[in-house]
Amino acid sequence: MQQTSFSLALNATSWNLDRVLDDLNEFGFAFIDHVYSPEYVTALADECISHLAEFRAAGIQNGVVSHIRSDHILWIDGQLPIAQQHIQTLHNLSQALNQAFYLGIKEVEAHFACYNAGEFYALHRDNPQQKNDRMISTVFYLHESWEDNLGGELRLQDKKGNWHIIQPLPNRLAIFQSDVLHEVLLSKQQRLSITAWLRSGNSIWNP
Ligand code: OGA
Ligand code: MN
């Protein structure tokens, strides 16, 4: 299949941008279901799975092992053409967010993430004390199927202090302010995703 046909396959009818902007404004988070065509999600999962051997432990930085998270990740670059189309979608979303909220987003930084059974990511913020330039965090779930009893939920505190549980349903995009508290509960099955940060490009500090 031609790469461009995936972009055309973007499921435009499920994107209610006004609702997303309203939810982000009121609660600091939003999600969109049925983001892409099933064909695109399958192609993305295939690309992810074919590179699993290259994934590295996310909790290890500068040789220090962290007990905060146990997933494995692969940063997305031009070698991953299917994932690049999702990045393009996020650039388009960034434009809408900039127009609505004057966020000044200039860059998208993204990695695949794989949580195998028993893995999790403890409570954290993606932009603690506004120390980096991550404005908005997004997570797209791309495993083939999911069920309620499998754990692996995204648990998140909204701007008003209320907690929410978001199931990692395939073809769902979660969007939230990078400064909100959140965690990934222990997953009982392999859980595949792309985490991406929409960044202002104003800071060189990168945790
Ligand atoms: C992250 C993160 C949430 C999720 O990658 O920083 O919090 O649902 N991910 O995968
Ligand atoms: Mn996070």
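Residues numbered from 1 in each chain as written. Chains lettered and ligands numbered in written order. Predicted model: local features only at pLDDT ≥ 70, side-chain atom pairs only at ≥ 80, totals over all residues. Heavy atoms only, no water.

- Going by an unreviewed UniProt entry, the chain carries the name Fe2OG dioxygenase domain-containing protein and comes from Acinetobacter venetianus.
- Heading Cofactor (unreviewed entry) of the UniProt record for the chain holds this comment: "L-ascorbate". (UniProt positions renumbered as here; feature names shortened; annotations may be inferred.)

Section: the sheet that holds strand β12 (residues 182-184)
Part 1: The 4 strands lie next to each other as β7-β12-β9-β10, forming an open sheet whose pairing is antiparallel. Each edge of the open sheet is held by one strand with a lone partner, namely β7 (121-124) and β10 (163-166). Taking the axes of each pair of neighbouring strands and ignoring which way they run, one obtains an average angle of 10° across the sheet.
Part 2: In this structure, strand β9 (residues 154-157) lies alongside β12, joined through 3 bridges in antiparallel fashion. (Pairing = 2+ DSSP bridges. Helix = DSSP H or I, 4+ residues; strand = E, 2+ residues; numbered from the N terminus. Axes fitted to C-alpha atoms, helices over the stretch in contact; angles between N-to-C directions.)

Some points on empty space enclosed by the protein
Part 1: Per the counting criterion, the structure on display carries 1 cavity of 30 Å³ or more.
Part 2: As for the largest cavity, its lining consists of 18 residues, and the residues nearest its centre are Tyr115, Tyr121, Val139, Val184 and Thr195.
Part 3: Mapped onto the lining of the largest cavity, the elements with two or more residues apiece are β6 (107-115), β7, β8 (134-141), β12 and β13 (191-199).
Part 4: Among the elements that take part in the lining of the largest cavity, β13 stands out by supplying 4 residues, more than any other.
Part 5: For the lining of the largest cavity, the residue count by class is 9 nonpolar, 5 polar and 4 charged. (1 Å grid on protein atoms, 1.4 Å probe; cavity = no way out; pocket = protein on both sides within 12 Å on 5 of 7 lines; lining within 4 Å. Points joined across faces, edges and corners; volume = space filled by probe spheres on them. Nonpolar A, V, L, I, M, F, W, Y, C, P; charged D, E, K, R; others polar.)

Some remarks on the coordination of the manganese ion (ligand 2)
Ideal geometry at a metal centre gives angles of 109.5 degrees when four donors are arranged tetrahedrally and 90 or 180 degrees when six donors are arranged octahedrally.
Part 1: The coordination sphere of the manganese ion (ligand 2), as far as protein atoms go, consists of His124 (NE2), Asp126 (OD) and His182 (NE2), spread over 2.1 to 2.2 Å.
Part 2: Each donor residue of the manganese ion (ligand 2) belongs to the same chain, and together they define the spacing H-x1-D-x55-H. Here His124 is found in strand β7, whereas its partner His182 is found in strand β12, with 58 residues between them in sequence. (Donors = N, O, S within 2.8 Å, 3.2 Å for Na, K, Ca; no water.)

Looking at unusual backbone geometry
Part 1: Even without being glycine, Tyr102 reaches a positive phi, approximately 50°.
Part 2: The topology assignment puts Tyr102 in the loop between α4 (81-101) and β6.
Part 3: Given a relative accessible area of 72%, Tyr102 falls into the exposed group.
Part 4: In this model, Asn171 sits at a positive phi of 70°, which is unusual for a non-glycine residue.
Part 5: With relative accessibility at 9%, the residue Asn171 sits in the buried group. (Buried < 20%, exposed > 50% of the residue type's maximum accessible area, 1.4 Å probe, protein only.)

Describing the pairing of β6
Part 1: With respect to burial, β6 is a largely interior element, 8 of its 9 residues being buried.
Part 2: Relative to β6, strand β5 (residues 72-75) runs antiparallel, the two sharing 4 bridges. Paired with His72 across the strands is Cys114, a residue of β6.
Part 3: Sheet analysis places β6 next to β13, joined by 9 bridges and oriented antiparallel. From the neighbouring strand, Glu107 faces β13, where its bridge partner is Arg199.

So, the side chain of Ser200
Part 1: Along the chain, the position of Ser200 falls in the segment after β13.
Part 2: Judged by relative accessible area, which is 5%, Ser200 ranks as buried.
Part 3: Ignoring anything within four residues of it in the chain, the contact list for Ser200 reads Leu103, Gly104, Ile105, Lys106, Asp133 and Met135. (Contact = heavy atoms within 4.5 Å.)

Section: the site of ligand 1
Part 1: Taken together, the residues surrounding ligand 1 are Tyr121, His124, Asp126, Val139, Tyr141, Leu154, His182, Val184, Arg191, Thr195 and Trp197.
Part 2: One of the side-chain nitrogen or oxygen atoms of Arg191 is found 2.8 Å away from an oxygen atom of ligand 1.
Part 3: At 3.0 Å from an oxygen atom of ligand 1 is found a side-chain nitrogen or oxygen belonging to Thr195.
Part 4: In isolation ligand 1 exposes 290 Å². Once the protein is present, 99% of that is buried. (Near = heavy atom within 4 Å. Polar contact = N/O pair within 3.5 Å; in protein donor to acceptor, adjacent residues only side chain to side chain. Areas by Shrake-Rupley, 256 points an atom, 1.4 Å probe, with all protein chains shown as cover.)

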